Amino acid sequence: MGAIVFWGLVRVALLMPALWILYSVIDPKYWWTLLILSVYGIIIHPAVIQYNLFMEKNKEIITGTLCSSCRYFDKSAVLCLKHDEHPTTNYLPCDGIDWEMKQNDWEETESYL
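Bear in mind that the values here come from a model prediction, so they are computed numbers and not experimental data. (Residues numbered from 1 in each chain as written. Predicted model: local features only at pLDDT ≥ 70, side-chain atom pairs only at ≥ 80, totals over all residues. Heavy atoms only, no water.)

Peer 1: How would you explain the nonpolar core if you had to name every residue and give the values?
Peer 2: I4, F54, I61, I62, C67, F73 and V78 together form the largest nonpolar core, which totals seven residues. With near-sequence residues (within four places) excluded, I62 lies in contact with M55, S68, F73, K75 and V78. Among the nonpolar cores identified, the runner-up in size contains five residues, and L15, L19, W31 and L35 belong to it. (Core = buried A, V, L, I, M, F, W, Y, C linked by side-chain atoms within 4.5 Å. Buried < 20%, exposed > 50% of the residue type's maximum accessible area, 1.4 Å probe, protein only. Contact = heavy atoms within 4.5 Å.)

Peer 1: Talk me through unusual backbone geometry; I want residue IDs and the actual numbers.
Peer 2: One non-glycine residue, V78, lies in the positive phi region at around 50 degrees. Mapped onto the elements of the fold, V78 is located in the loop between β1 (73-74) and β2 (79-80). The backbone phi angle of D84 is positive, close to 55 degrees, even though this residue is not glycine. A relative accessible area of 59% means that D84 is categorised as exposed. (Helix = DSSP H or I, 4+ residues; strand = E, 2+ residues; numbered from the N terminus.)

Peer 1: Can you lay out empty space enclosed by the protein for me, pointing to particular residues and giving the numbers?
Peer 2: Within the structure shown, the criterion is met by one cavity of 30 Å³ or more. What the largest cavity holds in volume is close to 80 Å³. For the largest cavity, the lining is made up of 13 residues, of which C67, C70, C80, C94 and W99 are closest to its centre. Split by residue class, the lining of the largest cavity holds nine nonpolar, two polar and two charged. (1 Å grid on protein atoms, 1.4 Å probe; cavity = no way out; pocket = protein on both sides within 12 Å on 5 of 7 lines; lining within 4 Å. Points joined across faces, edges and corners; volume = space filled by probe spheres on them. Nonpolar A, V, L, I, M, F, W, Y, C, P; charged D, E, K, R; others polar.)

Peer 1: Requested: an account of the packing of helix α1 (residues 2-25) against helix α2 (residues 28-57), with residues and values cited.
Peer 2: For the pair α1 and α2, the least separation of the axes is 11 Å and the interaxial angle reads 170 degrees. As the angle between them shows, α1 and α2 are arranged roughly antiparallel. Contacts from I4, G8, R11, V12, L15, L19, L22 and Y23 of α1 reach α2 at W31, L34, L35, S38, V39, I42, I43, P46, A47, Q50, Y51 and F54. Class assignment for the residues of the contact of α1 with α2 results in 16 nonpolar, three polar and one charged. (Axes fitted to C-alpha atoms, helices over the stretch in contact; angles between N-to-C directions. Parallel < 35°, antiparallel > 145°, perpendicular 65-115°, else oblique.)

Peer 1: Pulling in residues and values, what's your account of the environment of L19?
Peer 2: Examined against the element boundaries, L19 turns out to sit in helix α1. Judged by relative accessible area, L19 falls into the buried class, the value being 7%. Along the sequence, L19 and S38 sit 19 residues apart, while their C-alpha atoms lie 8.9 Å from each other. Excluding anything up to four places from it in sequence, L19 contacts W31, L34, L35 and S38.

Peer 1: Requested: an account of α2, with residues and values cited.
Peer 2: Given a rise of 1.5 Å per residue, 30 residues ought to cover 44 Å, and the 42 Å separating the end C-alpha atoms of α2 matches this to within 8%. Its axis deflected by about 35 degrees at Y40, α2 carries its strongest bend there. If you check which residues of α2 are buried, you get W31, L35, S38, I43, P46 and F54. (Expected span 1.5 Å × (residues − 1). Bend = angle between axes of the 7 residues up to and from the residue.)

Peer 1: So what's going on with the packing of aromatic side chains? Residues and values would help.
Peer 2: Tallied over the full model, the rule gives three aromatic pairs. Taken together, a centroid distance of 5.0 Å and an interplanar angle of 80 degrees make the contact between W31 and W32 edge-to-face. Put simply, the rings of Y23, W31 and W32 pair up and form one aromatic cluster. (Phe/Tyr/Trp six-rings, centres within 6.5 Å; stacked < 30°, edge-to-face > 60°.)

Structure below.
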């Protein structure tokens, strides 16, 4: 997930100077259209594609491993927060020893009452 953010920032850093230079060359009414299309085509669309590939690649880990039901598992980064390691289908960072069940949403709201 961090690679998606990193490359998105790299694209922004490269696109901003290019659009700044084009601002003096292109008519302003066309520049705004170019700005919108280039931000979508160079920054947003590739990030969405990379995110979908990330989710597809890690779908089995997110849904079908012991880690996915642990309270220390962060599914947005596919990361064990307690051991700061990425689990795989064949590797559990804690070998199941530090596994703790996630609380359900209704149990969390009940504890606030």
